[in-house]
Amino acid sequence: MEAPATALEEVEANIALACKRARRETGEVTLIAVSKTHPPEAIEPLLQAGHRVFGENRVQEAQGKWPALRQRYPDVELHLIGQLQSNKADDAVALFDCIHSVDRSSLVKALGKAMDKAGRRVPCFVQVDVGEEEQKGGCAIAELPDLLAQAREAGIPVAGLMCIPPFDIEPAPFFALLDRLAADNGLTGRSMGMSGDYETAIMLGATHVRVGTALFGQRG
Ligand SMILES: *Cc1c(COP(=O)(O)O)cnc(C)c1O
(Lines give C-alpha, C1' and ligand atoms only; values in the text may rest on other atoms or scores of the structure.)
Protein backbone atom coordinates (compact mmCIF):
# COMPACT_ATOMS: atom_id res chain seq x y z
CA MET A 1 0.00 0.00 0.00
CA GLU A 2 1.22 3.51 -0.79
CA ALA A 3 1.76 6.04 1.95
CA PRO A 4 -1.36 8.19 2.44
CA ALA A 5 -1.04 11.62 0.86
CA THR A 6 -2.78 13.54 3.61
CA ALA A 7 -3.67 13.36 7.26
CA LEU A 8 -7.29 12.86 6.24
CA GLU A 9 -6.42 9.82 4.14
CA GLU A 10 -4.34 8.43 6.98
CA VAL A 11 -7.11 8.80 9.55
CA GLU A 12 -9.64 7.33 7.12
CA ALA A 13 -7.34 4.36 6.49
CA ASN A 14 -6.92 3.82 10.24
CA ILE A 15 -10.69 3.92 10.68
CA ALA A 16 -11.17 1.39 7.88
CA LEU A 17 -8.59 -0.93 9.43
CA ALA A 18 -10.13 -0.67 12.91
CA CYS A 19 -13.56 -1.42 11.42
CA LYS A 20 -12.18 -4.43 9.58
CA ARG A 21 -10.58 -5.80 12.75
CA ALA A 22 -13.81 -5.23 14.67
CA ARG A 23 -15.82 -6.93 11.89
CA ARG A 24 -17.73 -3.72 11.35
CA GLU A 25 -18.65 -1.84 8.18
CA THR A 26 -16.66 1.37 7.59
CA GLY A 27 -19.95 3.16 6.95
CA GLU A 28 -20.99 2.55 10.56
CA VAL A 29 -18.43 5.11 11.78
CA THR A 30 -18.68 8.85 11.12
CA LEU A 31 -15.46 10.86 11.27
CA ILE A 32 -16.10 14.26 12.81
CA ALA A 33 -13.19 16.54 11.89
CA VAL A 34 -12.77 18.79 14.93
CA SER A 35 -11.79 22.17 13.52
CA LYS A 36 -11.99 24.24 16.72
CA THR A 37 -9.37 27.04 16.87
CA HIS A 38 -8.39 26.42 13.22
CA PRO A 39 -9.06 29.14 10.62
CA PRO A 40 -11.04 28.61 7.41
CA GLU A 41 -7.78 28.28 5.42
CA ALA A 42 -6.95 25.17 7.42
CA ILE A 43 -10.45 23.72 6.96
CA GLU A 44 -10.68 24.38 3.23
CA PRO A 45 -8.32 21.53 2.14
CA LEU A 46 -10.52 18.97 3.88
CA LEU A 47 -13.61 20.41 2.23
CA GLN A 48 -11.85 20.29 -1.13
CA ALA A 49 -10.95 16.65 -0.47
CA GLY A 50 -14.66 15.97 -0.07
CA HIS A 51 -14.95 15.75 3.72
CA ARG A 52 -18.20 17.25 5.01
CA VAL A 53 -18.60 16.45 8.72
CA PHE A 54 -17.00 18.89 11.15
CA GLY A 55 -17.06 19.56 14.89
CA GLU A 56 -16.69 22.80 16.82
CA ASN A 57 -16.76 23.30 20.57
CA ARG A 58 -17.90 26.91 20.80
CA VAL A 59 -21.07 28.41 19.37
CA GLN A 60 -19.56 31.85 18.88
CA GLU A 61 -16.46 30.63 17.10
CA ALA A 62 -18.57 28.46 14.79
CA GLN A 63 -20.88 31.42 14.03
CA GLY A 64 -17.85 33.37 12.91
CA LYS A 65 -16.36 30.67 10.71
CA TRP A 66 -19.03 28.46 9.22
CA PRO A 67 -21.72 30.57 7.52
CA ALA A 68 -19.25 31.68 4.82
CA LEU A 69 -17.85 28.17 4.32
CA ARG A 70 -21.35 26.77 4.14
CA GLN A 71 -22.29 29.10 1.32
CA ARG A 72 -19.71 27.31 -0.79
CA TYR A 73 -20.23 23.84 0.69
CA PRO A 74 -23.96 23.71 1.51
CA ASP A 75 -23.91 20.00 2.37
CA VAL A 76 -21.60 20.50 5.37
CA GLU A 77 -22.78 18.78 8.55
CA LEU A 78 -21.78 20.69 11.67
CA HIS A 79 -21.59 19.06 15.12
CA LEU A 80 -21.37 20.93 18.43
CA ILE A 81 -19.09 18.90 20.69
CA GLY A 82 -18.33 21.40 23.49
CA GLN A 83 -20.28 22.39 26.55
CA LEU A 84 -23.34 24.49 25.83
CA GLN A 85 -24.86 27.24 27.96
CA SER A 86 -28.66 27.28 28.02
CA ASN A 87 -28.75 30.90 26.86
CA LYS A 88 -27.03 29.83 23.62
CA ALA A 89 -29.60 27.11 22.84
CA ASP A 90 -31.36 29.14 20.11
CA ASP A 91 -28.06 29.90 18.37
CA ALA A 92 -26.93 26.28 18.64
CA VAL A 93 -30.19 24.94 17.17
CA ALA A 94 -29.98 27.42 14.29
CA LEU A 95 -26.38 26.60 13.36
CA PHE A 96 -25.66 22.95 14.21
CA ASP A 97 -26.93 19.69 12.74
CA CYS A 98 -26.13 17.66 15.84
CA ILE A 99 -25.37 18.50 19.49
CA HIS A 100 -23.14 16.11 21.50
CA SER A 101 -23.11 17.78 24.90
CA VAL A 102 -26.61 17.57 26.37
CA ASP A 103 -25.98 16.86 30.04
CA ARG A 104 -28.56 18.47 32.33
CA SER A 105 -32.27 19.20 32.76
CA SER A 106 -32.00 22.95 32.30
CA LEU A 107 -30.28 22.46 28.96
CA VAL A 108 -32.83 19.86 27.86
CA LYS A 109 -35.60 22.36 28.56
CA ALA A 110 -33.82 25.18 26.75
CA LEU A 111 -33.08 22.99 23.70
CA GLY A 112 -36.64 21.66 23.59
CA LYS A 113 -37.99 25.23 23.55
CA ALA A 114 -35.42 26.35 20.99
CA MET A 115 -36.33 23.46 18.66
CA ASP A 116 -40.06 24.19 19.03
CA LYS A 117 -39.47 27.84 18.23
CA ALA A 118 -37.25 27.12 15.23
CA GLY A 119 -39.42 24.27 13.95
CA ARG A 120 -36.20 22.31 13.57
CA ARG A 121 -35.38 19.06 15.38
CA VAL A 122 -31.64 18.68 15.91
CA PRO A 123 -30.40 15.20 16.86
CA CYS A 124 -28.58 15.22 20.19
CA PHE A 125 -26.23 13.00 22.15
CA VAL A 126 -26.47 12.90 25.93
CA GLN A 127 -23.01 13.34 27.42
CA VAL A 128 -22.24 10.97 30.26
CA ASP A 129 -19.68 11.67 32.97
CA VAL A 130 -18.06 8.23 32.72
CA GLY A 131 -14.95 9.21 34.70
CA GLU A 132 -16.89 11.05 37.42
CA GLU A 133 -14.94 14.25 36.78
CA GLU A 134 -17.39 17.11 37.02
CA GLN A 135 -15.30 19.75 35.23
CA LYS A 136 -15.75 18.07 31.83
CA GLY A 137 -19.52 18.09 32.00
CA GLY A 138 -21.70 15.10 31.43
CA CYS A 139 -24.57 13.78 33.46
CA ALA A 140 -23.99 11.34 36.30
CA ILE A 141 -24.60 7.74 35.29
CA ALA A 142 -27.33 7.43 37.92
CA GLU A 143 -29.20 10.37 36.37
CA LEU A 144 -29.03 9.14 32.79
CA PRO A 145 -32.42 7.36 32.53
CA ASP A 146 -34.21 10.42 33.92
CA LEU A 147 -32.45 12.82 31.61
CA LEU A 148 -33.20 10.63 28.59
CA ALA A 149 -36.86 10.58 29.54
CA GLN A 150 -36.87 14.36 29.88
CA ALA A 151 -35.23 14.75 26.48
CA ARG A 152 -37.84 12.56 24.81
CA GLU A 153 -40.61 14.46 26.57
CA ALA A 154 -39.15 17.74 25.29
CA GLY A 155 -39.22 16.40 21.72
CA ILE A 156 -35.45 16.17 21.37
CA PRO A 157 -34.32 13.38 19.04
CA VAL A 158 -31.71 11.45 21.04
CA ALA A 159 -29.11 9.93 18.71
CA GLY A 160 -27.04 8.28 21.41
CA LEU A 161 -24.51 8.88 24.18
CA MET A 162 -21.22 10.76 24.24
CA CYS A 163 -18.24 10.68 26.60
CA ILE A 164 -14.82 12.22 27.19
CA PRO A 165 -12.84 9.76 29.33
CA PRO A 166 -10.31 11.08 31.87
CA PHE A 167 -6.89 11.97 30.44
CA ASP A 168 -3.84 9.80 31.06
CA ILE A 169 -5.79 6.67 31.93
CA GLU A 170 -6.46 3.74 29.61
CA PRO A 171 -9.72 4.80 27.94
CA ALA A 172 -10.98 1.36 26.88
CA PRO A 173 -12.96 0.60 30.06
CA PHE A 174 -14.77 3.94 29.73
CA PHE A 175 -15.63 3.26 26.08
CA ALA A 176 -16.92 -0.17 27.05
CA LEU A 177 -19.01 1.45 29.78
CA LEU A 178 -20.54 3.98 27.37
CA ASP A 179 -21.28 1.18 24.92
CA ARG A 180 -23.12 -0.75 27.60
CA LEU A 181 -25.06 2.30 28.83
CA ALA A 182 -26.17 3.00 25.25
CA ALA A 183 -27.28 -0.61 24.79
CA ASP A 184 -29.11 -0.62 28.14
CA ASN A 185 -31.03 2.46 27.06
CA GLY A 186 -31.80 1.25 23.55
CA LEU A 187 -29.62 3.86 21.81
CA THR A 188 -27.56 3.25 18.67
CA GLY A 189 -25.17 6.24 18.68
CA ARG A 190 -21.87 6.22 20.59
CA SER A 191 -19.81 9.41 20.24
CA MET A 192 -16.40 8.46 21.64
CA GLY A 193 -12.75 8.47 20.65
CA MET A 194 -10.39 11.37 19.84
CA SER A 195 -6.99 11.60 18.08
CA GLY A 196 -5.19 9.38 20.59
CA ASP A 197 -7.76 6.63 20.91
CA TYR A 198 -10.29 6.56 18.08
CA GLU A 199 -9.22 3.11 16.90
CA THR A 200 -9.79 1.69 20.38
CA ALA A 201 -13.16 3.44 20.51
CA ILE A 202 -14.14 1.88 17.17
CA MET A 203 -13.22 -1.58 18.48
CA LEU A 204 -15.60 -0.89 21.37
CA GLY A 205 -18.54 0.32 19.30
CA ALA A 206 -18.02 4.02 18.49
CA THR A 207 -20.35 5.32 15.77
CA HIS A 208 -18.91 8.87 15.83
CA VAL A 209 -15.23 9.64 16.44
CA ARG A 210 -14.19 13.25 17.11
CA VAL A 211 -10.70 13.81 15.71
CA GLY A 212 -8.88 17.16 15.77
CA THR A 213 -5.10 17.03 16.24
CA ALA A 214 -4.53 14.01 13.98
CA LEU A 215 -6.15 15.94 11.10
CA PHE A 216 -5.14 19.57 11.71
CA GLY A 217 -2.00 19.32 13.86
CA GLN A 218 -1.55 20.82 17.30
CA ARG A 219 -3.83 23.66 18.32
CA GLY A 220 -2.02 26.97 18.95
C1 LIG B 1 -11.09 19.05 21.05
C2 LIG B 1 -12.02 17.93 21.21
C3 LIG B 1 -11.86 16.73 20.49
C4 LIG B 1 -10.68 16.48 19.55
O5 LIG B 1 -9.53 16.24 20.29
P6 LIG B 1 -8.15 15.81 19.57
O7 LIG B 1 -7.38 15.17 20.66
O8 LIG B 1 -7.53 17.05 19.04
O9 LIG B 1 -8.50 14.85 18.49
C10 LIG B 1 -12.79 15.74 20.66
N11 LIG B 1 -13.87 15.89 21.48
C12 LIG B 1 -14.05 17.03 22.19
C13 LIG B 1 -15.24 17.13 23.08
C14 LIG B 1 -13.14 18.06 22.09
O15 LIG B 1 -13.35 19.18 22.80
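Residues numbered from 1 in each chain as written. Predicted model: local features only at pLDDT ≥ 70, side-chain atom pairs only at ≥ 80, totals over all residues. Heavy atoms only, no water.

Please clarify how the packing of aromatic side chains should be interpreted in this entry.
Remark: the centre distance and the inter-plane angle together describe each pair of aromatic rings, the angle taken between the planes. A full pass over the atoms with the stated rule returns one aromatic pair. Summarising the aromatic geometry, the rings of Phe54 and Trp66 are spaced 5.0 Å apart at their centres and angled 45° between planes, so their arrangement reads as tilted. Of this pair, Phe54 sits in strand β2 (residues 53-56) while Trp66 sits in helix α3 (residues 59-72), placing them twelve residues apart in sequence. Considered together, Phe54 and Trp66 belong to a single accessibility category, that of buried residues. (Phe/Tyr/Trp six-rings, centres within 6.5 Å; stacked < 30°, edge-to-face > 60°. Helix = DSSP H or I, 4+ residues; strand = E, 2+ residues; numbered from the N terminus. Buried < 20%, exposed > 50% of the residue type's maximum accessible area, 1.4 Å probe, protein only.)

Can you help me understand the UniProt feature "modified residue: N6-(pyridoxal phosphate)lysine" (unreviewed entry) in the protein in this one?
With numbering aligned to this structure, UniProt lists the feature "modified residue: N6-(pyridoxal phosphate)lysine" (unreviewed entry) at Lys36. Along the chain, the position of Lys36 falls in the loop between β1 (30-34) and α2 (40-48). With sequence-adjacent residues up to four places away left out, Lys36 is seen in contact with Gly55, Glu56, Asn57, Glu61, Lys65 and Arg219. (UniProt positions renumbered as here; feature names shortened; annotations may be inferred. Contact = heavy atoms within 4.5 Å.)

Can you help me understand the nonpolar core in this one?
Most often, soluble globular proteins keep nonpolar side chains buried together rather than apart. Ile99, Leu111 and Leu161 are the most contacted members of the largest nonpolar core, which has 63 residues in total. The biggest single contributor to this core is helix α5 (residues 105-118), with six residues. Among all residues touching Leu111, those that are not within four sequence positions of it are Leu84, Ala89, Val93, Ile99, Val102, Cys124 and Ile156. (Core = buried A, V, L, I, M, F, W, Y, C linked by side-chain atoms within 4.5 Å.)

Whenever I open this one, the site of the ligand confuses me. Can you help?
What surrounds the ligand is the set Val34, Lys36, Ile81, Ile164, Met194, Ser195, Arg210, Val211, Gly212, Thr213 and Arg219. When the ligand is considered free in solution it has 390 Å² of accessible area, and contact with the protein chains removes 88% of it. Looking at the shell around the ligand residue by residue, the classes come out as five nonpolar, three polar and three charged. (Near = heavy atom within 4 Å. Areas by Shrake-Rupley, 256 points an atom, 1.4 Å probe, with all protein chains shown as cover. Nonpolar A, V, L, I, M, F, W, Y, C, P; charged D, E, K, R; others polar.)

Please explain α2 as it appears in this structure.
An α-helical segment advances 3.6 residues per turn. Residues three or four places apart therefore align on the same side. Burial in α2 covers these residues: Ile43, Glu44, Leu46 and Leu47. Down the axis of α2, the buried set is contained in an arc of 170°. They therefore lie on one face. α2 presents Glu41 and Gln48 as exposed residues on the side facing more than 90 degrees away from its buried surface. On the buried face of α2, the contacting elements are α1 (7-21), β1, β2, α3 and α9 (213-216). With its phi angle positive at about 100°, Gly50 sits one or two positions after the end of α2. (Arc of directions from axis to C-beta.)

What's the story with unusual backbone geometry in this structure? I'm lost.
Trans peptide bonds make up the majority, and among non-glycine residues the majority have a negative phi. Despite not being glycine, Arg23 has its phi angle at roughly 55°, a positive value. Along the chain, the position of Arg23 falls in the loop between α1 and β1. In the Ramachandran plot, Thr37 falls in the positive-phi region, its phi being about 70° despite a non-glycine side chain. Of note, Thr37 is situated in the loop between β1 and α2.

Any chance you could explain the pairing of strand β8 (residues 208-211) here in plain terms?
A regular strand places its side chains on the two faces of the sheet in alternate fashion. Alternating residues of β8 divide into His208 and Arg210 and Val209 and Val211, and every residue in both groups is buried. Judged from the four bridges that link them, β1 and β8 form a sheet pairing that is parallel. Residue Ile32 lies in a different strand from β8, and its bridge partner there is Arg210. (Pairing = 2+ DSSP bridges.)

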